[in-house]
Amino acid sequence: MPTIAVFGGSEPAPDHPTYRAAHRLGSLLAESGFTVATGGYAGVMAAASRGAAERGGTVIGVTAPALFPDRSGANPWVAIERPHASLTERIHDLVTMSDGVVAMPGSIGTLTELMVAWNDAFIAQLGSRPARPVVTVGELWRTLIPELTGRLGTDGSLIHTVDTVDQAHRWIVTRFADRPS
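It should be emphasised that the depicted structure is a prediction, and the values quoted were computed from it without experimental measurement.

**Let's talk about helix α5 (residues 139-152)**
Line of reasoning, step 1. Between its first and last C-alpha, α5 extends 20 Å over 14 residues, near the 20 Å set by a 1.5 Å rise per residue.
Line of reasoning, step 2. Taken together, the buried positions of α5 are occupied by W141, I145, L148 and T149. An end-on view of α5 places all buried positions within 100 degrees of arc, on one side of the element. In α5, the exposed positions angled more than 90 degrees off the buried face are occupied by E139, P146, G150 and R151.
Line of reasoning, step 3. Each element contacted by the buried residues of α5 is listed here: β5 (100-103), α4 (108-126), β6 (134-137) and β7 (160-162).
Line of reasoning, step 4. With its phi angle positive at about 65 degrees, G153 sits one or two positions after the end of α5.

Written as structure tokens, this is what we have:
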């Protein structure tokens, strides 16, 4: 069963549109047979975890307890917690254990996760392994990705940007439709 990492901010509360969208994304991914992996904490991470768990999906939370001592542990929808000692280890594990990535709106942490996934996809195309599918959702990424592509001189085609989680889900599903299980 492929694992899809969902990146996003820790701030959105259950009444926020981004939380509701992430909940829907988690639900859609689980219904399609994907395992969902997140940073394991609140906001978008909790929403995607909750949506997947409510649909019977497996949820992996990649946490950093020493880095976030004020957090009481992974959100309640995480079935498997993978704790790490540092932010770097946490992000590395979250990216490399996933088969695909969806980035929702977030802040500097989400941007960092996306940059690691983008760099990993860039390096993959130079070698012999296929690039992990990366899709971003929303206006933030629609503006930022082309700007970074131009300024950094990198391959923007390694990231697919959409407006809704339904579009992101469909795009992810098509990436795995022809792959052997």
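**Quick word on the nonpolar core**
Considering soluble globular proteins, one finds that nonpolar side chains tend to be buried as a cluster.
Line of reasoning, step 1. Of all hydrophobic cores here, the largest spans 25 residues; its most connected members are V6, L29, V102, M104 and I172.
Line of reasoning, step 2. Of all the secondary-structure elements, those providing two or more residues to this core are β1 (3-7), α1 (17-31), α2 (44-54), β6 and α6 (165-176).
Line of reasoning, step 3. For M104, the contacting residues outside a window of four places in its chain are V6, F7, G8, T18, A21, A22, L25, V44, T110, V137, W141 and V165.
Line of reasoning, step 4. Residues V62, I91, V95 and A121 belong to the second largest nonpolar core, which totals 21 residues.

**Some thoughts on the sheet that holds β5**
Line of reasoning, step 1. Spatially, seven strands are ordered β4-β3-β2-β1-β5-β6-β7 in an open sheet, and the strand pairing comes out parallel. If you trace the sheet from one side to the other, it starts and ends with β4 (80-83) and β7, each paired once. The sheet shows a mean angle of 20 degrees between the axes of neighbouring strands, taken without regard to direction.
Line of reasoning, step 2. Two elements, strand β2 (residues 35-38) and strand β3 (residues 59-63), share three bridges in a ladder whose sense is parallel. Paired with T38 across the strands is G61, a residue of β3.

**Let's talk about the pattern of salt bridges**
Line of reasoning, step 1. In this structure the tally under the stated criterion is eight salt bridges.
Line of reasoning, step 2. For R55, the salt bridge goes to E31, with nearest N and O atoms at 2.7 Å. In this pair, R55 is assigned in the loop between α2 and β3 and E31 in helix α1, connecting sequence segments 24 residues apart.
Line of reasoning, step 3. Here R82 makes a salt bridge to D93, at a shortest N to O gap of 2.6 Å. Placement of R82 in strand β4 and of D93 in helix α3 (residues 87-96) is noted, with a sequence separation of 11 residues between them.
Line of reasoning, step 4. For R82, a relative accessible area of 31% gives the class partly exposed.
Line of reasoning, step 5. Taken together, the salt bridges that share partners define one network made up of D120, R129 and R132.

**Thoughts on the layout of surface pockets**
Line of reasoning, step 1. Space inside the largest pocket adds up to approximately 300 Å³.
Line of reasoning, step 2. Taken together, 18 residues form the lining of the largest pocket, with G8, S10, R90, G109 and T110 sitting closest to its centre.
Line of reasoning, step 3. Of all the secondary-structure elements, those providing two or more residues to the lining of the largest pocket are α3 and α4.
Line of reasoning, step 4. Here the lining of the largest pocket takes five residues from α4, the largest share from any one element.
Line of reasoning, step 5. When its residues are assigned to classes, the lining of the largest pocket shows six nonpolar, eight polar and four charged.

**Considering the packing of aromatic side chains**
Line of reasoning, step 1. Counted according to the given criterion, the structure contains two aromatic pairs.
Line of reasoning, step 2. With centroids separated by 5.5 Å and ring planes inclined at 70 degrees, the aromatic side chains of F34 and F176 adopt a geometry described as edge-to-face. Placement of F34 in the loop between α1 and β2 and of F176 in helix α6 is noted, with a sequence separation of 142 residues between them.
Line of reasoning, step 3. The buried category is assigned to F176, whose relative accessible area is 11%.
Line of reasoning, step 4. With centroids separated by 5.4 Å and ring planes inclined at 70 degrees, the aromatic side chains of Y41 and F68 adopt a geometry described as edge-to-face. Residue Y41 is found in the loop between β2 and α2, and its partner F68 is found in the loop between β3 and β4; the two are separated by 27 residues along the sequence. F68 shares its class with Y41; the two are buried.

What counts, and at which threshold
- Residues numbered from 1 in each chain as written.
- Predicted model: local features only at pLDDT ≥ 70, side-chain atom pairs only at ≥ 80, totals over all residues.
- Heavy atoms only, no water.
- Helix = DSSP H or I, 4+ residues; strand = E, 2+ residues; numbered from the N terminus.
- Expected span 1.5 Å × (residues − 1).
- Buried < 20%, exposed > 50% of the residue type's maximum accessible area, 1.4 Å probe, protein only.
- Arc of directions from axis to C-beta.
- Contact = heavy atoms within 4.5 Å.
- Core = buried A, V, L, I, M, F, W, Y, C linked by side-chain atoms within 4.5 Å.
- Pairing = 2+ DSSP bridges.
- Axes fitted to C-alpha atoms, helices over the stretch in contact; angles between N-to-C directions.
- Salt bridge = Lys/Arg side-chain N within 4 Å of Asp/Glu carboxyl O.
- 1 Å grid on protein atoms, 1.4 Å probe; cavity = no way out; pocket = protein on both sides within 12 Å on 5 of 7 lines; lining within 4 Å.
- Points joined across faces, edges and corners; volume = space filled by probe spheres on them.
- Nonpolar A, V, L, I, M, F, W, Y, C, P; charged D, E, K, R; others polar.
- Phe/Tyr/Trp six-rings, centres within 6.5 Å; stacked < 30°, edge-to-face > 60°.

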